[in-house]
Amino acid sequence: MKNRSLIILAGNATFTVWKRADGAWHALAGAQPYDDSGYAFLAGLAQSHARAVWRILLDQVEEEFQLEVLPALGRSDTKALLARKLEQQFRGTPYRIATPVKRRQADKSAGFLLSALTRREVLDQLLAILLDARCVLAGIHSLAMLLQVWQKKLAASHPHSLLLGEFVPGQVRQTYCQHEGLLFSRQALLVQKGHADELANEIRRTRQYLTTLRQMARDDVLEVLLLCDPWMGPADEAALRTALQGDAAQIRLHLVQSLVLDAHAKQESDWLQAALTLLASGGVPNQYATPGMLRFLRLQQVNSALFILGGSVLLGALLASASLLSGLSDREADYALAQRTLMQTLKEKQRVDGLLATQPNLDPLWVRDVTVLAERSLSSWPDPEAAAKATSRVLLEFPSLQIDRFEWWQGRAPENAAIEEGSGRSADTPAQSGTTGGETGQAEYAPGAEYFILAGALRAQAGEYRQAMQQFEQLMARTRQFRHVTVEAIKWPIDVSSAGHLGGDSKQADPEQREFVLLVRRLAPGQGAPQ
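Since the structure is predicted, the reported quantities are computational estimates derived from the model, not experimental observations. (Residues numbered from 1 in each chain as written. Predicted model: local features only at pLDDT ≥ 70, side-chain atom pairs only at ≥ 80, totals over all residues. Heavy atoms only, no water.)

Colleague: I'd love a proper account of the packing of helix 5 (residues 196-212) against helix 6 (residues 234-243), names of residues and values included.
Modeller: Between helix 5 and helix 6, whose axes approach to 9 Å, the crossing angle comes to 50°. Judged on the interaxial angle alone, helix 6 and helix 5 are oblique. Seen along the crossing, helix 5 lies across helix 6 with a hand that is right-handed. Within the contact between the two elements, helix 5 uses Ala196, Asp197, Leu199, Ala200 and Arg204 and helix 6 uses Ala239, Leu240 and Ala243. (Axes fitted to C-alpha atoms, helices over the stretch in contact; angles between N-to-C directions. Helix = DSSP H or I, 4+ residues; strand = E, 2+ residues; numbered from the N terminus. Parallel < 35°, antiparallel > 145°, perpendicular 65-115°, else oblique. Left-handed = near helix turned anticlockwise from the far one by under 90°. Contact = heavy atoms within 4.5 Å.)

Colleague: Please give an account of the confidence of the model for the protein chain that cites residues and values.
Modeller: The predicted model of the protein chain averages 77 in pLDDT, with 79% of residues at 70 or higher. Confidence scores differ between elements of the protein chain, with helix 11 (residues 416-420) showing the lowest mean pLDDT of 60 and helix 1 (residues 36-48) the highest of 91. Note that pLDDT drops below 50 for residues 263-268; the model gives that stretch four contacts with residues more than four away or on any other chain. Long-range and interchain partners of residues 499-509, a stretch whose pLDDT sits below 50, account for eleven contacts in this model, where long-range means more than four residues apart. (pLDDT = per-residue confidence, 0-100.)

Colleague: Describe the sheet that holds strand 12 (residues 181-189), and please don't skip the residues or the numbers.
Modeller: Judged by pairing direction, the sheet is mixed, and its five strands sit side by side in the order 12-11-10-13-14 without closing on themselves. In this open sheet, the two strands that pair with only one neighbour each are strand 12 and strand 14 (251-256). If you compare each strand with its neighbour and ignore which way they point, the axes differ by 25° on average. Where helix 5 meets the sheet, it contacts strand 10 (161-168), strand 11 (171-178), strand 12, strand 13 (222-227) and strand 14, and its direction lies at approximately 145° from that of strand 12. (Pairing = 2+ DSSP bridges.)

Colleague: If you had to explain the pattern of salt bridges to someone new, which residues and values would you point to?
Modeller: One pass over the structure, following the stated rule, counts 17 salt bridges. The salt bridge partner of Arg186 is Glu202, with a shortest N-O separation of 2.8 Å. With Arg186 in strand 12 and Glu202 in helix 5, the pair connects residues that are 16 residues apart, well separated along the chain. Judged by its relative accessible area of 24%, Arg186 falls in the partly exposed class. The partner of Arg205 in a salt bridge is Glu202, with the nearest N and O atoms 2.9 Å apart. (Salt bridge = Lys/Arg side-chain N within 4 Å of Asp/Glu carboxyl O. Buried < 20%, exposed > 50% of the residue type's maximum accessible area, 1.4 Å probe, protein only.)

Colleague: Now, about the packing of aromatic side chains: what can you tell me, with residues and values included?
Modeller: Aromatic rings in a pair are described by how distant their centres are and how their planes are angled relative to each other. Throughout the structure, instances matching the rule amount to six aromatic pairs. Ring-pair connections join several aromatic residues into one group, and the members of that group are Trp150, Phe167 and Trp271. (Phe/Tyr/Trp six-rings, centres within 6.5 Å; stacked < 30°, edge-to-face > 60°.)

Colleague: Describe the nonpolar core, naming the residues involved and giving the relevant values.
Modeller: Formed by 30 residues in total, the largest nonpolar core has its most connected members in Ile8, Leu42, Trp54, Ile56, Leu130, Leu137 and Ile140. Taken together, the elements giving at least two residues each to this core come down to strand 1 (5-10), strand 2 (14-21), helix 1, strand 5 (53-58), helix 3 (120-132) and strand 9 (136-142). Broken down by element, this core gets its largest block of residues, six residues, from helix 3. (Core = buried A, V, L, I, M, F, W, Y, C linked by side-chain atoms within 4.5 Å.)

Colleague: Any chance you could break down the sheet that holds strand 16 (residues 450-458) for me, citing the residues and the numbers?
Modeller: Taken together, four strands build an open sheet; the order of strands is 15-16-18-17 and the sheet is antiparallel. Edge positions in the sheet fall to strand 15 (401-410) and strand 17 (485-491), since each has one partner strand and no second. Pairwise comparison of adjacent strand axes, ignoring direction, gives a mean angle of 20° for this sheet. Across six bridges, strand 17 lies against strand 18 (residues 515-522) in antiparallel orientation. Note on strand 18: the bridge partner recorded for Thr486 is Arg521. Against the sheet, helix 12 (residues 465-480) engages strand 15, strand 16, strand 17 and strand 18, with an angle of about 150° to strand 17.

See the structure below:
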């Protein structure tokens, strides 16, 4: 708003142009008459301030008001009826408007305040100068409508309130409002400035006119809000109260300072300054300007919207570019790593090609088969240390079992003689579960398969063999839980044949009868049972 708004205050005989600077509004070159000199001054000002936002505030005696009550109709019918009534009442001017008025009646009728500026020649000339200079016109406002905005803040609780204020020297604007809003407004011309008797007569005349129109009863009290600063001093106030002393039962006078609207305003602020500030902030809607007169305002709004949109697009493009550059930095690092890996691979290929060149009789198919064998078999070749560690972790769960021998084979199952070694049985004595070899006594070779023998004894006293036997069976079940693993009891720690028994005789007490031998097979993934 600062240094961007200019307001024309148009009175009956002169107009002034106000501009905001240094926190206050200042008149440019004083009051200008409605003649060639005043119009030339406005034209030069419009050329030099074409990019500013212009508004016109009118306080003219030729502004007329009429209250209309319409029956309940649809929106389109109401609009058409109002347009016809405006055309009938104010045929000679385009500056006319119908404002809705709230009514408290029980019926569904609607009230409208018809208003118009009947002196169009002066306003036409002002608008022609502004539009020829392509100035941005934001609205044509009536001082009466502005006073209605203040009435809602100052006298909202009063059923009958009359606001008086002098904004153009010698012109006192009177605006009558009820709870429903503005109902009547007129301008009083004071012959002598500060003449209390003349102003008191204007107030009495206005009240009598309102009672004649039956807007208020004869016994109703009219609350008069006098916007006193800066045109009325303490002496004028005392004189006005004395002049209205005989009407105290019907007229109640209130003097209102402009500071009630803004507690932070400066002391030298007055109602005119407050009115101009309210207009520049957009607090009062446009009243008389037609859509064609506001075309440059719409163009400016579209231009501002496009500017904001362009700025948003530019900002989005900058953010996207920054994100893309960040992503490119990461991709450059990945690309450099890929390049190094590719160069290492090419160097290794060149080395292998050189070695192959020194062996002209080397079969490429044989090299391929060796590579496949290394990838599939040698890379996952069984490890006896890993098998021993896995077995020891399992045996920690069974402290009553004593392991005396652990032997490991790879690829082919051990023969019976190797299994029975150290077990107290001869090599030609068959195991209780049969031999592990095939019919020829030689097992088939299985790459990646591993076999290992667990030989030991039960740590159990006489009478505790049943509990020890349960732990032995649990060991076998625990071992079978591993994938691709099978377990076979070559020798049981006690006799489980149909001829044996679990007694406590001398034969059960023989330590040799508590020994056991287990054969564990773990095949490589994808292999079947050994043949």
